[in-house]
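Structural overview for review
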Amino acid sequence: MKAFRTISAASILCVTLFTVVTVSCTEESEVITQEVQVLNHRNAKTKFVKVKGNDFAYRTWGKEDGIPLVLLPGLGGSMDDWDPAVTDGLAQKYKIIIFDNQGVAASQGTTPNTVQAMADDAIDFIKALNLTKVNIMGFSMGGFVAQRVVLTQPTLINKVILTGTGPKGAIGLSNLPNIIAGTAGLSAEESFLKFGFTQSAASIAAGKASYARIQLRTTDRDLPLSDATSNSQFTAVLSWAQPDANSLEDIKMIKNPVLIVHGENDLPVSVQNAQNMKQNLEHGELLVFPDSGHASFFQNHDAFVAKAVAFLGE
């Protein structure tokens, strides 16, 4: 989820520490000072892995043991559009992997215009890292991709977290072009607030704080998405939004544990979608945040991280 700007009447383009630890020890009156780089969202280095001939950009940090957590961003998003309060919070307990899918930001290749093809690319990326089992977390469009990943390669996935997302034919999603048009003329921060948060003072304050945290990484930031990538993603999302009588039948086929997190006042993806998914999942759990919008897990980051960590650890 990012701010949006207009390209033309025919196309819409989506636009969303180094901590020094001093360790002193005394041995025969000698004091040794060592600088240790603590990896986190702000300073994790961008790495590249070859995926079917293309370099995919990714960053990773957090605990090395256990099953890693791969994050799939929303429409228009890249590695730099995650809220560090969420990623660093999760990294306290899990190895975090964020990446740019094919053709997105710093990754090479051509961005596909279907969700299934994006899911196939994500699976190829995970396998290119020689991982045999991962947890996945998808936000908005990333949640669409996550659903197709687990349905395509269920044995590769341990658990799934879906935030601000819905099944194929998601209620309200077809109105996305009008919602985006409503952000015309707004600044990037204003668009971020309108799209992801409610109009209450508390939600707006939380949104501003989240926006500020997202800007904290100042070096080695991702490249802007190209017009071609943005348009391909938008095409994929609008295709996903088309009514599908079998969408909930697909959801029933997911046997992995799934945590669904949604804002009660989500603008582009109605909370009814989360409720529908919960009712059709064999191992589904639903957390709805009140007075929260599309980016509910940014707004309620402490509560979200606590719940996500508990869910992944069960």
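Residues numbered from 1 in each chain as written. Predicted model: local features only at pLDDT ≥ 70, side-chain atom pairs only at ≥ 80, totals over all residues. Heavy atoms only, no water.

Turning our eyes to something else, we now look at the confidence of the model for the chain. For the chain, the mean per-residue pLDDT works out to 90, and 89% of the residues sit at or above 70. Counting contacts from residues 3–33, a segment whose pLDDT is below 50, to residues more than four positions away or on other chains yields 67 contacts. (pLDDT = per-residue confidence, 0-100. Contact = heavy atoms within 4.5 Å.)

We now examine the sheet that holds strand β8 (residues 96–99). One open sheet accounts for 8 strands, arranged β5-β6-β8-β7-β9-β10-β11-β12; its pairing is mixed. Of all strands in the sheet, those bounded by a partner on one side alone are β5 (47–51) and β12 (284–289). The average angle at which neighbouring strand axes cross in this sheet is 25°, direction not considered. Relative to strand β10 (residues 157–163), strand β9 (residues 134–139) runs parallel, the two sharing 5 bridges. Across the sheet, the residue bridging to Ile-136 is Val-160, located in β10. Most of the contacts of helix α11 (residues 301–313) go to β10, to which it runs at about 160°, and overall it touches β7 (69–72), β9, β10, β11 (258–263) and β12. (Pairing = 2+ DSSP bridges. Helix = DSSP H or I, 4+ residues; strand = E, 2+ residues; numbered from the N terminus. Axes fitted to C-alpha atoms, helices over the stretch in contact; angles between N-to-C directions.)

It is worth spelling out the pairing of β8 at this point. Burial of β8 is two-sided: the residues Ile-96 and Ile-98 facing one way and the residues Ile-97 and Phe-99 facing the other way are all buried. Of the strand pairs in this sheet, strand β6 (residues 54–61) and β8 are connected by 4 bridges, and their pairing is antiparallel. Bridge pairing in β8 places Trp-61 opposite Ile-96. (Buried < 20%, exposed > 50% of the residue type's maximum accessible area, 1.4 Å probe, protein only.)

We now examine the environment of Glu-282. Here Glu-282 is to be found in the loop between α9 (271–280) and β12. Under the relative-accessibility criterion, Glu-282 is labelled partly exposed at 49%. For Glu-282 and Lys-255, which are 27 residues apart along the polypeptide, the C-alpha to C-alpha distance reads 6.1 Å. If we ignore the near neighbours within four places in the chain, the residues touching Glu-282 are Ile-254 and Lys-255. Engagement of the side chain of Glu-282 in a polar contact is seen with the side chain of Lys-255, the distance being 3.0 Å. Among the polar contacts made by the side chain of Glu-282, one reaches the side chain of His-283 at a distance of 3.4 Å. (Polar contact = N/O pair within 3.5 Å; in protein donor to acceptor, adjacent residues only side chain to side chain.)

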